[in-house]
Amino acid sequence: MAGLKVDWLAAAYQPATEVRWPDWMQAKKQAALATLSTLPGPSRKLELWRYSDADRLQKSELDSAANTERELTTADNAVVINLTTQGVDFDRNLPDWLSLKPIQELPENQWLDMDLSPALAKELVVQSLNQGLFTHGVVVDVSAQAPQDATVVLRYDVAEFNRWTYLRNVINIEKNAAVTIDEHYVTGRINVVNNYRVAQNARLTRHQHNVLHAGQQHVSLQHFTLAENAYVESQNRHESGNLQHHIHWVDFTAEQAEYRSGSVNKAGHNSHIADIVLINHAFKNNISDVTHRSLADDSAQIFNNAKAVVAKGADGSEITQDLKNILLSGDAKIASKPELEVYTDEVVAAHGSTIGALDENVLFFLRSRGIGLEQAKAIMMVSFEQEAIIC
Amino acid sequence: MLEIKNIYAKAGDTEILKNLNLSVKPGEVHAIMGPNGSGKSTMGNLLAGMPHVTATSGSVTYQGKDLLQMEPEERAAEGVFLAFQYPVEIPGVNNMYFLRTAYNAQRKYRGEDNLDSAAFLRMVKEKIKQLHMSDDLLKRPVNVGFSGGEKKRNEVFQMAVLEPNLAIMDETDSGLDIDALRVVADGVNQLRSPDRSFVIITHYQRLLDYIEPDFVHVLVDGEIVKSGTKKLALELEEQGYGWLES
Ligand SMILES: Nc1ncnc2c1ncn2[C@@H]1O[C@H](COP(=O)(O)OP(=O)(O)OP(=O)(O)O)[C@@H](O)[C@H]1O
Ligand SMILES: [Mg+2]
């Protein structure tokens, strides 16, 4: 098999005008490529790719259609950042509470390395490629002056739909700041890494809206670092597409912080969706709460994984993992795995996972009131999803 | 209205109804009593079309049509309504939305236009007032967090909105306090008309003090073993079912 580097460089989009990277960033990119080129390509042998067909990553001739756009936001204080084929585009007339700059102007001390240690790099190989291949991105700084409805929309609208576009963003939410970030997928074959740095007492509400066409693909790594008393609520909707592979990585870097996430995964036809959450409780007294509701129809496959690692001494950690899944057809597959790795004594943890079908009694009840089978099922799906809608 | 003839039916794999016969004419109220597990709910479920209840022989004719051939939603649109013994909860779906969807689905089946939301809201508020129930029930998710009595009342409210021709009420009176019992009885009495019929499954003759039945039947082991008037309900209350079973 050809080395990883060769395959992926060829498949990646390169902009016409070369970006001038600072030396240290160029070195990071090269180091990543050097490490990754020694690794085999992703396959079902990997834990995180067992239920996704990694060969699809190399597929050509994808879908050029753009998604119908829903209203991006209703907030008065909203700024839309367009991540396009050419680069990053936004209204230059920014409010005081927000500053934006291209990723190549990121201060070196704000850089977060991908973990390229052998075991992890293998599992995260597709997301790690981002470090070597990213071509553009934005650094977002939100200050404590942000008004109540401060909203930043990251709109992925890349016209290049066959080759992969690698985007990398850093979102700094400063001490005491509060903001809503909406990530909105429109079109493109996108591999994105976002580093959310949530400072002391800061508050992030995040929405990810990934409703893809049958021929579209999207890969992401969302990395969150939470300082003392930081609060993150994260709402994800992953629907359809040829392939979606999302990793949500959470690091607590102090105490008293809270991370809550809700995911709705909905796959039909031949769609493969992976929704993976990894939470490191490295410090005391942090809370994490993960809820997934997933529905698979036709011959679709969904992989749900929520893993929390509680380090030695991280007492007072509170962990909830609640994964529920519904199979709507005999050919659909769902793998659902809540995992706890606890190296300390005082932990409050609740986790559960179920895979079932739609409740026959509820279905009958709705039909007995005159609602047709398909509509009754649709109502039940909405009801089911509702439990994972947290913000 | 309804003609049940020599019905044998299974719930899952178990034969429950054994040679059931019942004839209900327009405007009549029939009460069905009988011991636990005798097949009362199974009968209601068979009429409403619950998938795991299947007739193995016999026939059910409703308004001249073969009821057993129809899908549950078709039966509803044709005017069959079952008030459930154990109403289900539907988180995240509010009562108002659910009811409007049901109401308009039935209208569509009958070739009628949708009622617009304002007109529907007016109608629903009127009904809820008549039943002495509070408006906020409309905004709440279907049966979620409802008390046992509220769930039962919600069934009666749905019946009032959907205005069926044949209402089967499966122990709608169980677990109700006296005031709620009156509300349920009022709901039925307000709907009573010469072209509407009721089959009321109950364990207690007290409901029949409020809803005057035309007939009382006793169902034992899947079969109607005795039929009579309201007097039969009183006898059952005093003597239990033992004297009928042998
Ligand atoms: N799906 C099923 N599979 C097998 N047996 C069933 C099924 N559903 C019901 N039964 C059985 O059928 C019998 C009749 O049940 P049914 O609910 O009709 O009784 P009932 O007369 O309504 O009783 P109650 O007064 O307690 O409500 C019971 O023994 C019950 O356990
Ligand atoms: Mg019963």
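Look up a bit, the structure's there.
Residues numbered from 1 in each chain as written. Chains lettered and ligands numbered in written order. Predicted model: local features only at pLDDT ≥ 70, side-chain atom pairs only at ≥ 80, totals over all residues. Heavy atoms only, no water.

Caption draft 1: Representation of the sheet that holds strand β3 (residues 98–102) of chain A. Residue and element names in this part refer to chain A. Here we have nine strands laid out as an open sheet, ordered β3-β4-β6-β8-β10-β12-β14-β16-β18, and mixed in their pairing. The open sheet is flanked by β3 and β18 (333–342), the only strands paired with a single partner. Strand-to-strand twist across the sheet, computed as the mean angle between neighbouring axes with direction ignored, equals 10 degrees. For strand β12 (residues 243–252) and strand β14 (residues 272–281), the ladder comprises nine bridges, and the chain directions are parallel. Bridging from a neighbouring strand, isoleucine 247 pairs with isoleucine 276 of β14. (Pairing = 2+ DSSP bridges. Helix = DSSP H or I, 4+ residues; strand = E, 2+ residues; numbered from the N terminus. Axes fitted to C-alpha atoms, helices over the stretch in contact; angles between N-to-C directions.)

Caption draft 2: Quick peek at the packing of aromatic side chains. Residue and element names in this part refer to chain A. Under the defined criterion, the tally for this structure stands at 10 aromatic pairs over all chains. Relative to phenylalanine 134, the ring of tryptophan 21 lies with its centre 5.1 Å away and its plane at 75 degrees, an arrangement referred to as edge-to-face. With tryptophan 21 in the loop between α1 (4–11) and α2 (23–36) and phenylalanine 134 in the loop between α4 (125–133) and β4 (138–142), this residue pair connects regions lying 113 residues apart in the sequence. You can call phenylalanine 134 buried: its relative accessible area is 1%. (Phe/Tyr/Trp six-rings, centres within 6.5 Å; stacked < 30°, edge-to-face > 60°. Buried < 20%, exposed > 50% of the residue type's maximum accessible area, 1.4 Å probe, protein only.)

Caption draft 3: Just the coordination of the magnesium ion (ligand 2), in detail. Taken together, the protein ligands of the magnesium ion (ligand 2) are B:Ser41 (OG) and B:Gln85 (OE1), with distances of 2.0 to 2.1 Å. Residue B:Ser41 is found in helix α1 (residues 40–48), and its partner B:Gln85 is found in the loop between β6 (80–83) and β7 (90–94); the two are separated by 44 residues along the sequence. (Donors = N, O, S within 2.8 Å, 3.2 Å for Na, K, Ca; no water.)

Caption draft 4: Local environment of the pairing of strand β11 (residues 215–220) of chain B. Residue and element names in this part refer to chain B. Of all six residues making up β11, five are buried, and the element is well covered by its neighbours. Here four bridges tie strand β3 (residues 29–33) to β11, and the two strands are oriented parallel to one another. Along β11, the bridge assignment pairs isoleucine 32 with histidine 217. Judged from the five bridges that link them, β11 and strand β12 (residues 223–228) form a sheet pairing that is antiparallel. Bridge pairing links valine 218 to lysine 226 in β12. Adjacent in sequence and paired antiparallel, β11 and β12 are bridged by two residues, among which aspartate 221 carries a positive phi angle near 50 degrees.

Caption draft 5: How the structure looks around the nonpolar core. In this structure, A:Leu366, B:Leu2, B:Phe157, B:Met159 and B:Phe198 are the most contacted members of the largest nonpolar core, which totals 85 residues. Among the elements that make up this core, the one with the highest residue count is helix α6 (residues 178–191) of chain B (seven residues). Excluding its chain neighbours within four sequence positions, the residues that come into contact with A:Leu366 are A:Ile371, A:Ala376, A:Ile379, A:Met380, B:Ile90 and B:Phe98. If you look at the next biggest cluster of nonpolar residues, it comprises 43 residues, including A:Leu100, A:Ala146, A:Tyr259 and A:Ile279. (Core = buried A, V, L, I, M, F, W, Y, C linked by side-chain atoms within 4.5 Å. Contact = heavy atoms within 4.5 Å.)

Caption draft 6: Region of the structure containing the site of ligand 1. Residue and element names in this part refer to chain B. If you check the shell around ligand 1, you find 16 residues, and the closest are Gly37, Lys40, Ser41, Thr42 and His203. One nitrogen or oxygen atom from the main chain of alanine 11 is found 3.1 Å from a nitrogen atom belonging to ligand 1. Contact distances for ligand 1 include 2.9 Å between an oxygen atom and a side-chain N or O atom of histidine 203. When ligand 1 sits alone it has 640 Å² of accessible area, and the protein chains cover 63% of it. The element that contributes the greatest number of residues to the shell around ligand 1 is α1, accounting for three residues. Counted by class, the shell around ligand 1 contains three nonpolar, 11 polar and two charged residues. (Near = heavy atom within 4 Å. Polar contact = N/O pair within 3.5 Å; in protein donor to acceptor, adjacent residues only side chain to side chain. Areas by Shrake-Rupley, 256 points an atom, 1.4 Å probe, with all protein chains shown as cover. Nonpolar A, V, L, I, M, F, W, Y, C, P; charged D, E, K, R; others polar.)

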